[in-house]
Amino acid sequence: MDLCRRFADDPAVAEIVGSEPAWDAPLRLLGGLHFLVLAGEASWDDPVDEHADFLRDFVRTQSVQTNEVQRSWVLLPCFLRAAELLGVDELDVVELGPSAGLNLVWDRYRYAYAEGEWGPDGTPLRLSGREESRVPDRLLARAPRVTRRVGIDRAPVDVTTEDGARLLECFLWAGQEERMKRLACAIDVVRANPPRLVRGDLADELPSVLEDRPTLVFQTAVFPYLSDETRSAVRAALEHAPAPVAFVTAGRPRGREHGWGMRIELYPAATREFVGHADFHGAWLDYSL
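From a predicted model like this one, the values you see are computed outputs, not experimental measurements.

Time to look at the overall build of the chain. In terms of regular secondary structure, the chain is built from 10 helices and 12 strands. By the compact-globule yardstick of 19 Å for 289 residues, the chain fits well, its C-alpha radius of gyration being 20 Å. Summarising its shape, the C-alpha atoms of the chain cover approximately 60 × 40 × 40 Å along the three principal directions. Counting across all 289 residues of the chain, residues that qualify as buried make up 53%. Intrachain contacts of the chain at a sequence separation of at least 6 include 70% that bridge at least 24 residues. Of the roughly 13800 Å² that the chain leaves accessible, carbon and sulfur atoms contribute 48%.

Structural data, given as structure tokens:
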């Protein structure tokens, strides 16, 4: 907070973000400075004009990356329910707006819930949270196998590189050591066997990645940034997919001021099932089914 207060009255900051900064310009500025700090090329006490060229370019070109792997803890019950609705033991997985694809490898993490645990024992990452209603043990008994995983993003992040990993780290608030450790573990899991990440427009690329197998498609934070036309095009692609699709989507909650409302849409039938509410960052889950 002290840093933000200092930046608020700094004319060098005003020059870097421009006369009409976007709403997320402060996040980009802080992320850019954090990127330099993580690289050992700056300190938090440096005057920003010492790094003005880098920060100006970072703010102008770099989108905010919020690939929070803790979200997988609230998404897993939705994915298991989707497999149950599709009636399958194996399925393809496609994520819309995956950033680095940390949540695309959800089946390689270990999860703890009140009714039991799920996932491989040997993974370096174990996720847990607060259940406001219990995930049923019936779901946790399911173990669908992922046959293929693909993500579509306008600017995917390659965490097999040091710069890519640092880019995700820099958008975490400095000092959040638990989140940093969780991110580092997830990056190790992804690096062991990276998912396929496709660079492009969601509506343009989605039809080409849907194959003739039951598929789980999901999105968490990307839909609010899309136009109505693009969202309609995505659903049209799901409706005309060559095999049944379960679309897990998170959006504005009903009856709550904070968090997500989560639902599963089945295609081609276009039926919908409300699954529950969850924290945007995956801290708590209120599973409704």
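Moving on, we get to the state of the cysteines. The final tally for this structure, using the stated rule, is 0 disulfides. Among the cysteines around Cys185, which has no disulfide bond, Cys170 carries the closest sulfur, lying 19 Å off.

Once that is clear, we can look at the packing of aromatic side chains. Taken as a whole and judged by the stated rule, the model has 12 aromatic pairs. With centroids separated by 5.2 Å and ring planes inclined at 15°, the aromatic side chains of Trp73 and Tyr113 adopt a geometry described as stacked. Of this pair, Trp73 sits in helix α5 (residues 71–86) while Tyr113 sits in strand β2 (residues 110–113), and the two are 40 residues apart along the sequence. Here the two residues Trp73 and Tyr113 agree in accessibility, since each one is buried. Ring geometry for Trp260 and Phe280: centres 5.3 Å apart, planes at 70°, overall edge-to-face. Taken together, the residues Trp260 in strand β10 (residues 260–267) and Phe280 in the loop between β11 (271–278) and β12 (284–287) connect sequence positions 20 residues apart. Taking the relative accessible area as the measure of exposure, Trp260 reaches 4% and is therefore buried. By the ring-pair criterion, three or more aromatic residues cluster together here, those being Trp73, Phe79, Trp106, Tyr111, Tyr113, Trp118 and Phe218. Here Arg71 stacks its cationic end above the ring of Phe280, 4.4 Å away from the centre of that ring. When the ring centre of Phe35 is taken as reference, the NZ or CZ atom of Arg166 above it lies at 5.3 Å.

A separate point is the nonpolar core. Within soluble globular proteins, side chains that are nonpolar tend to cluster in buried spots. With 57 residues, the main nonpolar core has Leu102, Trp106, Tyr109, Tyr111 and Val248 as its most contacted residues. Per-element tally for this core: the top contributor is α5, with 9 residues. Those residues within four positions of Leu102 in sequence are excluded, and the remaining contacts are Asn67, Val69, Tyr109, Leu168, Leu183, Ala186, Ile187 and Val190. Counting residues in hydrophobic clusters, the runner-up holds 20 residues, among them Val150, Leu202, Leu206 and Val245.

The strand order across the open sheet formed by 3 strands is β3-β2-β4, and the pairing between neighbours is mixed. One side of each edge strand has no neighbouring strand; the edge strands of this open sheet are β3 (116–118) and β4 (126–127). Bridge count between β2 and β4: 2 bridges; the pairing is parallel. Across the sheet, the residue bridging to Tyr111 is Leu127, located in β4. Sitting on the sheet, α5 is in contact with β2, β3 and β4, with an inclination near 85° to β2.

Let us look at the layout of surface pockets. Looking at the largest pocket, its volume works out to about 1400 Å³. Along its surface, the largest pocket is lined by 49 residues, and Ser63, Val64, Gln65, Thr66 and Tyr225 are the ones closest to its centre. Every element with two or more residues in the lining of the largest pocket is listed here: α1 (2–8), α3 (25–38), β6 (145–153), α7 (162–170) and α8 (177–192). It is α3 that contributes the most residues to the lining of the largest pocket, 5 residues altogether. Considering only residue class, the lining of the largest pocket consists of 25 nonpolar, 14 polar and 10 charged. In this model, the second largest pocket occupies a volume close to 560 Å³. Elements with a contribution of two residues or more to the lining of the second largest pocket: α10 (228–239), β9 (245–251), β10 and β11. A total of 4 residues in the lining of the second largest pocket trace back to one element, the largest contributor, which is β10. A per-class count over the lining of the second largest pocket returns 9 nonpolar, 6 polar and 7 charged.

With that settled, consider the environment of Val217. Assignment of secondary structure puts Val217 in strand β8 (residues 215–219). Sequence-wise, Val217 and Leu206 are 11 residues apart; in three dimensions their C-alpha atoms are separated by 9.8 Å. Once residues lying within four places of it in the same chain are set aside, the contact partners of Val217 are Val94, Leu96, Leu210, Leu238, Val245, Ala246, Phe247 and Val248.

With that out of the way, let us pick up the sheet that holds strand β5 (residues 130–133). Here we have 9 strands laid out as an open sheet, ordered β5-β12-β11-β10-β9-β8-β1-β6-β7, and mixed in their pairing. The open sheet is flanked by β5 and β7 (196–199), the only strands paired with a single partner. With strand direction ignored, the average angle separating the axes of adjacent strands in the sheet is 25°. Here 3 bridges tie β5 to β12, and the two strands are oriented parallel to one another. Residue pairing in the sheet places Glu131 in a bridge with Leu285 of β12. The strands that α5 touches are β1 (90–96), β5, β8, β9, β10, β11 and β12; relative to β10, the one it contacts most, it runs at about 25°. The sheet strands contacting α10 are β1, β8, β9, β10 and β11, and the helix crosses β10 at an angle near 40°.

About the cut-offs
- Residues numbered from 1 in each chain as written.
- Predicted model: local features only at pLDDT ≥ 70, side-chain atom pairs only at ≥ 80, totals over all residues.
- Heavy atoms only, no water.
- Helix = DSSP H or I, 4+ residues; strand = E, 2+ residues; numbered from the N terminus.
- Rg over C-alpha atoms; globule rule 2.2 N^0.38 Å.
- Buried < 20%, exposed > 50% of the residue type's maximum accessible area, 1.4 Å probe, protein only.
- Contact = heavy atoms within 4.5 Å.
- Areas by Shrake-Rupley, 256 points an atom, 1.4 Å probe, with all protein chains shown as cover.
- Disulfide = S-S within 2.5 Å.
- Phe/Tyr/Trp six-rings, centres within 6.5 Å; stacked < 30°, edge-to-face > 60°.
- Lys NZ or Arg CZ within 6 Å of the ring centre and 35° of its normal.
- Core = buried A, V, L, I, M, F, W, Y, C linked by side-chain atoms within 4.5 Å.
- Pairing = 2+ DSSP bridges.
- Axes fitted to C-alpha atoms, helices over the stretch in contact; angles between N-to-C directions.
- 1 Å grid on protein atoms, 1.4 Å probe; cavity = no way out; pocket = protein on both sides within 12 Å on 5 of 7 lines; lining within 4 Å.
- Points joined across faces, edges and corners; volume = space filled by probe spheres on them.
- Nonpolar A, V, L, I, M, F, W, Y, C, P; charged D, E, K, R; others polar.

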